[in-house]
Every structure is written in C-alpha cells, then in structure tokens.
Amino acid sequence: YVEFDASGLVINEVYSNGVKNPVAYDDHRSDFSFSGSALTSTQVTSAGDVTITYKSKTCTQAVTLANVESIAVETAPTKTSYGSMDNTLDMAGLVITVTYDNGDTADVAYDDHSGDFAFSGDCLSDTTVTSAGDVTITYAEKTTTQTISY
C-alpha cells in the first residue's frame, strides 16, 4: 500500500453565480477530508475513487495504484554481525527503496512498516541466525538480499 498524500491538490469552489475560487489543500488542510473505496485510513489500497470533502461539499477523483517493480536495500540494518550468544535477527534501521512501475520511488523503513516485511535464507532458522550468509528480504512480493556475518 501507499500512503495517501493530497499535497498539491487544488479544487475549485464554484459559487451560485458561476465564479470559481481555487482552494489549495496545502493552505486549508483542516477543512478537507478524504474517503472512498480506494482508501483504508491513510493508505491507498486499490485503484478506485477518492471522495474529497471540503466544507460539506464533495467531489470524487479516480486514483490508480502503481505496482511495485523492484526493491533494493538503501540503508543496511543497524546490526549485520551476529554470534552464538547474540543470534536473534534484528532488522531495525533497515530502509529499502521501492521502485514502482510508473518510475516513482519511495524509501520504506522497516521500523515503520515491520509487518509488511518477511525474511528468509539458508543462514536463518525462523528468526535465529545460524551462520553467515544472505538474508532474503521480501516486501510487496519482491525480494532483495542483505549479507550478514556470524
């Protein structure tokens, strides 16, 4: 999922005499709300419509959801070296760069989205590091690796 970001949004208030008044979301954030089939809380979960409400008036905007094309490690986890007495996998500090099929990129921190990540590899037994090797990082069904030492 992708965080919904209305920054840059401008709507037109249209008065009964036909006069249009542009209203920028960035200048009136507290007067706006968003809902719709494409949103769950603050995340875009699917393509669909977002209902924009401003001062009890509504309009809709179709949104699309770009697909994840690839992921890469941007910042290695704080801990990459393990030993027999300190062998619980700890991915705190990990940041990946997500590249979408529309060319956009976003950095995703494990610390903020830990439930969206999975880890595997021959060097792991569940979450226990058993040897040096590559940890496979899975996010949005895409993978990359991080080398760890033991």
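Rules and cut-offs
- Within each chain, residue numbers correspond to sequence positions counted from 1 in written order.
- Owing to the predicted nature of the model, reporting of local features is limited to residues with pLDDT of at least 70; listing and counting of side-chain atom pairs is limited to 80 or more, with chain, interface and lining totals taken over all residues.
- Water and hydrogen atoms play no part in the side-chain values, which are based on all heavy atoms of the structure.
- Starting at the N terminus, helices and strands are each numbered in turn, a helix being any DSSP run of H or I of at least four residues and a strand any DSSP run of E of at least two.
- Only protein chains enter the area calculation, which uses a 1.4 Å probe; residues under 20% of their type maximum are buried, those over 50% are exposed, and those in between are partly exposed.
- Positive residues here are Lys and Arg, negative ones are Asp and Glu, while His and the chain termini are left out of the count.
- Salt bridge, as used here: a side-chain nitrogen of Lys or Arg that lies within 4 Å of a carboxyl oxygen of Asp or Glu.
- Pairing of N or O atoms within 3.5 Å defines a polar contact, subject to two protein rules: one partner must be a possible hydrogen donor and the other a possible acceptor, and residues neighboring in sequence count only if both atoms are side-chain atoms.
- Any two residues whose heavy atoms approach within 4.5 Å are treated as being in contact.
- A pair of strands is treated as paired once DSSP finds two or more bridges between them.
- Throughout, an axis means a line fitted to C-alpha atoms (over the contacting stretch in the case of helices), and angles, computed between N-to-C directions, take values from 0 to 180 degrees.
- Buried Ala, Val, Leu, Ile, Met, Phe, Trp, Tyr and Cys residues form a nonpolar core when they are joined through side-chain atoms within 4.5 Å.

Peer 1: Even after reading the chapter, I still don't get the side chain of E13, so can you show me in this structure?
Peer 2: If you trace the backbone, E13 turns up in strand β2 (residues 10–14). For the buried E13, no salt bridge exists, and the shortest N-O distance to an oppositely charged side chain is 4.4 Å, to K55. Of the polar contacts made by the side chain of E13, one reaches the side chain of Y15; its length is 3.2 Å. Discounting residues that sit within four places of it in the chain, E13 has contacts with V19, K20, N21, V23, Y54 and K55.

Peer 1: How do you make sense of unusual backbone geometry when you look at a structure like this?
Peer 2: Peptide bonds are, in most cases, trans, and in most cases residues other than glycine have a negative phi. Even without a glycine there, the phi angle at D126 is positive, about 60°. Take D126: it is sitting in the loop between β13 (124–125) and β14 (128–129). On the accessibility criterion, D126 (67% relative accessible area) is exposed. The phi angle at A140 is positive, at roughly 50°, despite the residue not being glycine. Looking at where A140 falls in the secondary structure, it is placed in the loop between β15 (133–139) and β16 (142–148).

Peer 1: Would you take a moment to explain the sheet that holds strand β7 (residues 48–54) for this structure?
Peer 2: Sheet strands associate in pairs through backbone hydrogen bonding, adopting either a parallel or an antiparallel arrangement. Spatial strand order, β4-β7-β8: 3 strands in an open sheet with antiparallel pairing. Strand pairing shows two members of the sheet lacking a second neighbour, β4 (32–35) and β8 (57–63), which therefore form its edges. Strand-to-strand, the axes of this sheet are offset by a mean angle of 25°, without reference to chain direction. Two strands pair when backbone bridges link them, and β4 and β7 are joined in this way by 4 bridges, in the antiparallel orientation. Across the sheet, S33 pairs through a bridge with T53, a residue of β7.

Peer 1: Looking at this structure, I do not really get the sheet that holds strand β11 (residues 105–109). What am I missing?
Peer 2: Spatially, β9-β10-β11 is the arrangement adopted by the 3 strands of the open sheet, whose pairing is antiparallel. What marks the edges here is a single partner per strand, and that holds for β9 (68–75) and β11. The sheet shows a mean angle of 25° between the axes of neighbouring strands, taken without regard to direction. As paired strands, β9 and strand β10 (residues 95–100) are joined by 6 bridges and run antiparallel to one another. Bridging across to β10, V68 finds its partner in Y100.

Peer 1: Help me out: how do you make sense of the side chain of T144 in this one?
Peer 2: Tracing the backbone shows T144 in strand β16. The contacts of T144, once residues within four sequence positions are left out, are I71, A72, V73, V135, T136 and I137.

Peer 1: What should I look at first to understand the nonpolar core in this one?
Peer 2: Nonpolar side chains in soluble globular proteins generally cluster together in the buried interior. Counting 19 residues, the largest nonpolar core has L89, L94, I96, V98, F117 and Y139 as its most contacted members. Secondary-structure elements contributing two or more residues to this core are β9, β10 and β15. Dropping the residues within four chain positions of it, I96 is found in contact with I71, A72, V73, E74, A106, D107, V108, F117 and Y139.

Peer 1: Any chance you could explain the environment of G8 here in plain terms?
Peer 2: The residue G8 is located in the loop between β1 (2–3) and β2 in this model. Along the chain, G8 and H113 lie 105 residues apart, while their C-alpha atoms are 25 Å from each other.

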